[in-house]
Amino acid sequence: MRFIFECVECGGHYLPPEEMAYPDGPASPVWCAACQGAMRAAGVQEDPLLARVALAAARAALAGRAAEAAEADGRAARSDVRPSRPPRSRRARSGPGGVRSKLG
Ligand SMILES: [Zn+2]
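Residues numbered from 1 in each chain as written. Predicted model: local features only at pLDDT ≥ 70, side-chain atom pairs only at ≥ 80, totals over all residues. Heavy atoms only, no water.

To continue, consider the overall build of the protein. The secondary structure content of the protein amounts to four helices and four strands. Listing every helix and strand of the protein by position from the N terminus yields β-β-β-β-α-α-α-α. When the accessible surface of the protein is summed, it comes to about 7900 Å², and 58% of that surface belongs to carbon and sulfur atoms. (Helix = DSSP H or I, 4+ residues; strand = E, 2+ residues; numbered from the N terminus. Areas by Shrake-Rupley, 256 points an atom, 1.4 Å probe, with all protein chains shown as cover.)

Metal coordination angles in their ideal form are 109.5 degrees for the four-donor tetrahedron and 90 or 180 degrees for the six-donor octahedron. Cys7 (SG), Cys10 (SG), Cys32 (SG) and Cys35 (SG) make up the full set of protein donors to the zinc ion, lying at 2.3 Å. Each of the four donor atoms around the zinc ion contributes to a set of angles spanning 103 to 116 degrees, which defines the coordination as tetrahedral. Written as a sequence motif, the donor arrangement for the zinc ion is C-x2-C-x21-C-x2-C. (Donors = N, O, S within 2.8 Å, 3.2 Å for Na, K, Ca; no water. Tetrahedral: all angles 85-135°; square planar, octahedral: opposite > 155°, others 65-115°.)

Note on placement: histidine 13 falls in strand S2 (residues 13–14). Each C-alpha atom, one on histidine 13 and one on cysteine 32, is 7.6 Å from the other, the two residues being 19 residues apart in sequence. For histidine 13, the contacting residues outside a window of four places in its chain are Ile4, Phe5 and Glu6. Among the polar contacts made by the side chain of histidine 13, one reaches the side chain of glutamate 6 at a distance of 3.5 Å. (Contact = heavy atoms within 4.5 Å. Polar contact = N/O pair within 3.5 Å; in protein donor to acceptor, adjacent residues only side chain to side chain.)

Structurally, the position occupied by glutamine 36 is in helix H1 (residues 33–42). The exposure class assigned to glutamine 36 is buried, which follows from its relative accessible area of 10%. Glutamine 36 has contacts with Tyr22, Pro26, Ala27, Ser28 and Trp31, leaving out every residue within four places of it along the chain. (Buried < 20%, exposed > 50% of the residue type's maximum accessible area, 1.4 Å probe, protein only.)

Right, let's get into unusual backbone geometry. At methionine 20, a residue that is not glycine, the phi angle is positive and equals roughly 55 degrees. Note on placement: methionine 20 falls in the loop between S2 and strand S3 (21–22). For methionine 20, a relative accessible area of 19% translates into the label buried.

To continue, consider the confidence of the model for the protein. Averaged over every residue, the pLDDT of the protein is 85; residues scoring 70 or more account for 78%. Per-element confidence in the protein is highest for H1, whose mean pLDDT is 96, and lowest for helix H4 (residues 99–103), whose mean pLDDT is 57. (pLDDT = per-residue confidence, 0-100.)

Next comes the structure, spelled out in structure tokens:
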């Protein structure tokens, strides 16, 4: 899973590589690739505290999304329990044109 960061410079959301490294150097958790390049060119270093906060926020957001996904899965599983149509007879399930061939 990759973290999504919000660039503190332009406010845009960006998705750095999973290993937090671009081909030309480490990815910043506070600036998107474009702003990081501009900052590096201007000789501005990222604030280490800001970087830690951004990383923590991204982790929390990732955990939140994972929990949401799990919750959605749970809802889907529960709704599967309640059939939307009457159960098929044994003959319909085992005969040709049954569930198995439709799924395949
Ligand atoms: Zn930016």
